[in-house]
Structures are given as structure tokens and as C-alpha cells.
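Architecture at a glance
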Amino acid sequence: TNANILTLMPPIANPNQPLEDEADIIPVATAYGEIARRAQELGILPCLHPDIDSLVCDQKTLEQFLEHSDPTVMKLCADVSFLALAKIPINKFLKEHCNRIGNIHLRDLKPLHGKKKNKQPTFQTVELGKGVLKLEEFIDAFLSIKFSGWVSVEFEKGAKNLAQQA
């Protein structure tokens, strides 16, 4: 195959053992850094894909991970719905970390009221701009950083007019 991007999901968080402090993220960043170095040796771009249910679940843990990982090997999959759910300002984040972004995951989510998993709300993928994503804010940020890498777009299941969503 011609795959050249490795998307690395952080370990799933244990709700019974929350991270105590910044030192807890260092072993994760170190281990993922080693995976990233080996992937890079094979010509593969390693990208961390943070997730609301993982150890890298908010701005604080994401910034800690980035601080403790090598920016020359570990890139970031900027999942814009994660940024929105984690209440991380998309425009500011993309500008501050534009050199670390290896790919962008463009999707939009809407909370499913009443449904929870590990005490966290569950979400449904929806048409872009119909959920938590402020689409115009993303487009402004995206254009301002002049990103030229891969953008994967996740569409709502059963969307009637995919061309219109795009």
C-alpha cells in the first residue's frame, strides 16, 4: 500500500484512576515517541489523535503530551470535533501548533441526550456545522495556517447530499 500516515490513539482513560499530575503523561509520551521514531524510519508520518475518552482528553493533557514528545517525529492529528468538545479554541490552537499538525480530521458531533458511557455523554456524527463544530471558525483557521497536508472528512451516516456537505 501507499499508506504514509500512522494515526496513534492514546490509551483509553480509566475513570477510576484519573491522571494525578503532569508526570503521569510522560510514560505515554515516551512510549509513543519510540513508536513515532520507528514509524518515521519507515517513511511513515506518525500523528497522535487525541480523544475525549483517552488519557489525552483535554487541552491540559494535550499540551503536556506535546511538551513531552519530540516535535520532529511526533505530529498531531487535529481532530476538530475533539478540539470543539474539549473547548479548545480551534483558531488559536491550529495557529500555535501548525508546525505539529500532520493531518486534520474534519467531522462534527452532536451529543445524544441521556446516553452516557463511563459517565461521559455519547455523540453522533452529524453534517458539518450542525453540531459542536463552528465551521466558519475552522475554515478561517485552516486558511490562515496554509495547511497543505491530508484532511479526512467524516460524513454523517446516510447523509442525503454529500456534495453539498463537502
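Heads up: the structure comes first, above all this text.
Residues numbered from 1 in each chain as written. Predicted model: local features only at pLDDT ≥ 70, side-chain atom pairs only at ≥ 80, totals over all residues. Heavy atoms only, no water.

What follows is about the nonpolar core. Counting 33 residues, the largest nonpolar core has Leu62, Phe65, Ile90, Phe93, Leu94 and Phe138 as its most contacted members. When residues of this core are traced back to their parent elements, those giving at least two are helix H1 (26-41), helix H2 (59-67), strand S3 (75-79), helix H3 (80-85), helix H4 (90-96), strand S4 (101-106) and helix H5 (135-145). Here this core gets 4 residues from one element, more than from any other, and that element is H1. In this structure Ile90 touches Val80, Leu83, Leu133, Glu137, Phe138 and Ala141, once residues within four positions along its chain are discounted. (Core = buried A, V, L, I, M, F, W, Y, C linked by side-chain atoms within 4.5 Å. Buried < 20%, exposed > 50% of the residue type's maximum accessible area, 1.4 Å probe, protein only. Helix = DSSP H or I, 4+ residues; strand = E, 2+ residues; numbered from the N terminus. Contact = heavy atoms within 4.5 Å.)

The next subject is the environment of Glu96. Within the secondary structure, Glu96 is located in helix H4. Sequence separation of Glu96 and Ile145 is 49 residues, and the distance between their C-alpha atoms is 9.4 Å.

Quick look at H1 now. End to end, H1 covers 22 Å across 16 residues, agreeing with the expected 22 Å (1.5 Å per residue, within 8%). By the burial criterion, the buried members of H1 are Val28, Ala29, Tyr32, Gly33, Ala36 and Ala39. Down the axis, H1 shows its buried residues gathered within 130° of arc, on one side only. Exposed and facing more than 90 degrees away from the buried side of H1 are Pro27, Arg38 and Glu41. Buried positions along H1 lie against strand S1 (5-8), strand S2 (45-48) and H2. Phi turns positive, to about 80°, at Gly43, one or two residues after H1. (Expected span 1.5 Å × (residues − 1). Arc of directions from axis to C-beta.)

Purely geometric stuff here, so don't read any function into it on its own.
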